[in-house]
Protein chains: 2
Amino acid sequence: MLSKKTKYGLKALTFLAQQKDKAPVQIAEIANAENISQKFLETILLSLRKTGFLGSKKGKGGGYYLIKDPAEIQMTAVMRVLEGPISMVPCVSLNFYEKCSDCPDEATCGVHKLMLQVRDSNLEVYRNTSLADLIA
Amino acid sequence: MLSKKTKYGLKALTFLAQQKDKAPVQIAEIANAENISQKFLETILLSLRKTGFLGSKKGKGGGYYLIKDPAEIQMTAVMRVLEGPISMVPCVSLNFYEKCSDCPDEATCGVHKLMLQVRDSNLEVYRNTSLADLIA
DNA sequence: TAATACCCTATAGATTTAATAGAGTATGCA
DNA sequence: TGCATACTCTATTAAATCTATAGGGTATTA
């Protein structure tokens, strides 16, 4: 299942990408428009800022805004930050590889084999989809 | 993440598929060979039996065995039973569809759009992979 | 008839997710 | 300067899910 965090994060990103100008948008406005708990969204937007997707401005007239062009934002990067590793098991992860403690041999492991294919097919989707694609 | 239940279930299925004859294999033997808690595996095998993948025989010389040919067992069916819906959100699920309460319009929802692609690519993998493929 | 091995329900412990609370800090404007 | 605004950050709680275990029950075979 997709976590609420990821779902809310994606919705916030698409909301920001749909803005006409680059003016900061307040958390409250996004939370309202997308039916998200404002406090929860706060922590999500914070993590998106820390990972370089969003910029923020404090004080009156402040808010969050996209740093890059939506077409430049790949889903691989977004999903890794919000949802975590794209692989369903650590033993097929590109960025978070870890050997299974119980599995004696990856080469003959059926689970490994299957999950490798799943990872590849998901990666292809995420690599070929940008934030701009989600709006169109 | 792939749940342990699914991982163990898949390992048990591949173990059974690798047997030379169709003689029942005891839970204890599978648990031992694949490093799985025997009691936990019990409930997993039970659910695989109830969903038509396995047969069982009680008493001395009893155990579990595959009902169908490994080549006939698609991963779509296995994953649905062990892991649950293949879709990451209910609003793109073929078998467990449910409308998002917060989303006003699926047609314009970016999350929906993305998850639809993910579902399709995963389905293609699972449809094109049988239990027999995991052994080879 | 006794040993074997699956059957079934309930429950407990651990982990993760989702949400909330509340105080802190920087900014803009009058 | 002073004040309202709005992001920043840490901690905590509540709910849900996952993983594993316990323990007695039932059918089968030798």
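Residues numbered from 1 in each chain as written. Chains lettered and ligands numbered in written order. Predicted model: local features only at pLDDT ≥ 70, side-chain atom pairs only at ≥ 80, totals over all residues.

**Some thoughts on the overall build of chain A**
And then number 1: A count of helical and extended segments in chain A gives 6 helices and 2 strands.
And then number 2: C-alpha atoms of chain A, sized along the principal axes, occupy 60 × 30 × 25 Å.
And then number 3: Counting across all 136 residues of chain A, residues that qualify as buried make up 34%.
And then number 4: In chain A, the share of contacts with a sequence separation of at least 24, taken over all contacts with a separation of at least 6, comes to 58%. (Helix = DSSP H or I, 4+ residues; strand = E, 2+ residues; numbered from the N terminus. Buried ≥ 20, exposed ≤ 12 C-beta atoms within 10 Å, placed from the backbone. Contact = placed C-beta atoms within 7 Å.)

**Description of the domain arrangement of chain A**
Residue and element names in this part refer to chain A.
And then number 1: Once the domains are mapped, chain A shows domain 1 (4-66) and domain 2 (73-135).
And then number 2: The centre of domain 1, based on its C-alpha atoms, is set 26 Å off from the matching centre of domain 2.
And then number 3: Taken together, the 12 residues of domain 1 in the interface contact 9 residues of domain 2.
And then number 4: Listed by contribution, the elements that provide at least two residues to the side of domain 1 that touches domain 2 are helix 1 (4-17) and helix 3 (38-50).
And then number 5: The element best represented in the side of domain 1 that touches domain 2 is helix 1, accounting for 7 residues.
And then number 6: In the side of domain 1 that touches domain 2, the residues fall into 5 nonpolar, 6 polar and 1 charged. (Domains from an automatic or database assignment. Nonpolar A, V, L, I, M, F, W, Y, C, P; charged D, E, K, R; others polar.)

**Considerations on the protein's contact with DNA strand C**
And then number 1: The local shell around DNA strand C holds 24 residues, among which Ser3, Lys4, Ser37, Lys39 and Gly59 of chain A are the closest.
And then number 2: Counting residues per element, the ones that place at least two in the surface near DNA strand C are helix 1 and helix 3 of chain A together with helix 3 (38-50) and strand 2 (63-66) of chain B.
And then number 3: With 4 residues, the top contributor of residues to the surface near DNA strand C is helix 3 of chain B.
And then number 4: For the surface near DNA strand C, the per-class residue count stands at 4 nonpolar, 11 polar and 9 charged. (Near = placed C-beta within 6 Å.)

**Some details on the relation of the copies chain B and chain A**
And then number 1: Expressed as a screw operation, the relation of chain B to chain A combines 0.0 Å of axial shift with a rotation of 180°, fitting to an RMSD of 0.0 Å. Both chain copies can therefore be described as sitting about a two-fold axis. Proximity to the rotation axis, assessed at the C-alpha, singles out Ser121 of chain B in chain B; its C-alpha lies 2.9 Å from the axis.
And then number 2: The overlap is high: 100% of the interface residues of chain B also sit at the interface in chain A, so the same surface is used on both sides. (Least-squares fit on C-alpha atoms with pLDDT ≥ 70 in both.)

**Some thoughts on the protein's contact with DNA strand D**
And then number 1: Close contacts around DNA strand D come from 24 residues, with Gly63 of chain A together with Ser3, Ser37, Lys39 and Gly59 of chain B the closest.
And then number 2: Of all the secondary-structure elements, those providing two or more residues to the surface near DNA strand D are helix 3 and strand 2 (63-66) of chain A together with helix 1 (4-17) and helix 3 of chain B.
And then number 3: Among the elements that line the surface near DNA strand D, the one with the most residues is helix 3 of chain A, at 4 residues.
And then number 4: In terms of residue class, the surface near DNA strand D is made up of 4 nonpolar, 11 polar and 9 charged.

**Some details on the pairing of strand 2 of chain B**
Residues and elements named next belong to chain B.
And then number 1: The pairing of strand 1 (residues 54-57) with strand 2 spans 4 bridges and is antiparallel. Within strand 2, the residue paired with Leu54 across the bridge is Leu66.
And then number 2: As consecutive antiparallel partners, strand 1 and strand 2 are separated by 5 residues, and within that stretch Gly59 has a phi angle of approximately 75°, a positive value. (Pairing = 2+ DSSP bridges.)

**Digging into the interface of chain B and chain A**
And then number 1: With 25 residues of chain B at the contact, the number on the chain A side is 25 residues.
And then number 2: Those elements giving two or more residues to the side of chain B that touches chain A turn out to be helix 1, helix 5 (110-127) and helix 6 (131-135) of chain B.
And then number 3: Examining the composition of the side of chain B that touches chain A, we find that 11 residues originate from one element, helix 5 of chain B, more than from any other.
And then number 4: Tallied by class, the residues present in the side of chain B that touches chain A amount to 13 nonpolar, 7 polar and 5 charged.

**Quick look at helix 3 of chain B**
Residue and element names in this part refer to chain B.
And then number 1: Helix length check: helix 3, at 13 residues, gives a terminal C-alpha distance of 18 Å against a target of 18 Å (1.5 Å per residue), a fit within 8%.
And then number 2: Those residues of helix 3 not exposed but buried are Leu41, Ile44, Leu45 and Leu48. Projected onto a plane normal to the axis of helix 3, the buried residues spread over an arc of 100° and lie on a single side. Residues Lys39, Thr43 and Lys50 are exposed on helix 3 and point more than 90 degrees away from its buried face.
And then number 3: Residues of helix 3 that are buried in the fold lie against helix 1, helix 2 (27-34), strand 1, strand 2 and helix 4 (75-82).
And then number 4: One or two steps after helix 3, the chain reaches Gly52, where phi turns positive at roughly 90°. (Expected span 1.5 Å × (residues − 1). Arc of directions from axis to C-beta.)

**Quick word on the environment of Leu16 of chain A**
Residue and element names in this part refer to chain A.
And then number 1: As for its position among the elements, Leu16 is in helix 1.
And then number 2: Overall, Leu16 belongs to the buried group, with 22 C-beta atoms counted inside 10 Å.
And then number 3: On a C-alpha basis, the gap between Leu16 and Ala136 in space is 14 Å, while along the polypeptide they are 120 residues apart.
And then number 4: Look past the residues within four positions of Leu16 in its chain and what remains in contact with it is Val25, Tyr64, Tyr65 and Leu66.

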